[in-house]
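# Structural features, examined
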Amino acid sequence: MNRRRRGPRGFALAVVLMIVAISGIVIAYMLDRQANQALGVKRQMDAYTFHHVSRGIQEAVEAWIRSNGTSTVRTALDDEGRAFDLVVDGGQVVHVRFVDAQDGVLADFSGLTGESLDTAIDIVAQLRRNEGEAARGLVRREGPIGVSVNNAPEKVLRAVIGSVLGSTDTGSLVRAIEKARAEGWIDREKMDSVYHDAETPAGDVPRLQGVLAVEPVLWRVIAEAGVPENVWPRPPAVRYGGLAIIAAAGSRNKSAALQRSSSMISWENLSDGQ
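As a starting point, this report considers the structure included with it. (Residues numbered from 1 in each chain as written. Predicted model: local features only at pLDDT ≥ 70, side-chain atom pairs only at ≥ 80, totals over all residues. Heavy atoms only, no water.)

## Topic: the overall build of the chain
Across its full length, the chain carries 7 helices and 10 strands. Sorting the 274 residues of the chain into buried and exposed places 34% on the buried side. Look at the contacts in the chain between residues 6 or more apart in sequence, and 65% of them connect residues 24 or more apart. Counting every atom, the chain has about 17200 Å² of accessible surface; 52% of that belongs to carbon and sulfur. (Helix = DSSP H or I, 4+ residues; strand = E, 2+ residues; numbered from the N terminus. Buried < 20%, exposed > 50% of the residue type's maximum accessible area, 1.4 Å probe, protein only. Contact = heavy atoms within 4.5 Å. Areas by Shrake-Rupley, 256 points an atom, 1.4 Å probe, with all protein chains shown as cover.)

What follows is the structure, encoded as structure tokens:
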């Protein structure tokens with residue numbers, strides 16, 4: 001019987017296959033490394049762009065806040081909450097809006113002492129009793145204790161008012177507030193009528209005034225760059241945003257007493273994919 005010996009061709013084929021496999025691994029590694037380097041460069045460029053563009057927008061927002069003087073933010077906004085438009089390099093227009101952000105219960109007690117701390121704890125405890133685990137979605141970490149009477153959801157109003165009046169008298173005041181909101185913005189004079197209509201005990205009104213804010217001081221600032229209609233494919237909208245505490249000079253809002261009169265307290269990139 002003749003046995004065939006494995007000749008040099010079989011050995012060479014095995015070597016070639018091994019070299020191809022190694023080359024494939026090396027190429028894949030190099031491509032992955034190149035992709036990571038490109039991603040790193042893009043992140044650095046994004047960070048650089050964000051720093052300079054957002055800093056300019058923040059400075060414009062601060063200037064607008066200072067220009068209002070003793071006027072409230074709300075009276076300086078249009079019906080859609082727009083404060084002003086800013087033209088940046090290249091002619092792109094950035095629309096700046098302000099949104100009432102005082103709609104949740106304050107859950108961060110940093111800096112609070114004495115009666116203010118007790119009040120904040122009572123409100124959070126009431127919210128937890130009412131809503132259980134769902135209370136997590138109804139809190140905030142910034143701003144004063146008072147919640148916006150014009151923007152806080154019904155569940156938040158019940159917790160805040162309940163911490164003062166108890167469950168028995170809470171419902172009538174909540175219903176009176178919701179009825180008043182349906183008729184338009186609640187100012188100080190209208191809020192006095194709300195207390196009267198709900199037959200709120202006169203002795204409890206001062207405490208309620210400390211936790212129900214008629215003029216909010218915590219605002220969310222949203223700056224969104226307009227996308228030109230003649231550009232195709234249309235790029236994603238570029239959005240920046242943050243929180244600002246803005247109390248007009250001479251403000252009577254007691255819940256803002258410990259807050260700065262005008263200051264951005266946070267800022268971030270809200271663009272798609274961020």
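## Focus: unusual backbone geometry
Backbone geometry places Glu199, a non-glycine residue, at a positive phi of 55°. With respect to the helices and strands, the residue Glu199 is situated in the loop between helix 6 (188-197) and helix 7 (205-211).

## What to know about the pairing of strand 2 (residues 93-100)
Look at any regular strand and the pattern is simple: side chains alternate between the two faces of the sheet. Burial of the side chains of strand 2 is restricted to one face: Val94, Val96, Phe98 and Asp100 are buried, whereas none of Val93, His95, Arg97 and Val99 on the reverse face is. Across 5 bridges, the pairing between strand 1 (residues 82-87) and strand 2 is antiparallel. By the bridge assignment, Val87 is partnered in strand 2 with Val93. As defined by bridge partners, strand 2 adjoins strand 7 (residues 218-225) across 7 bridges and the pair is classed as antiparallel. Its bridge partner being in strand 7, Arg97 is matched across the sheet by Ile222. (Pairing = 2+ DSSP bridges.)

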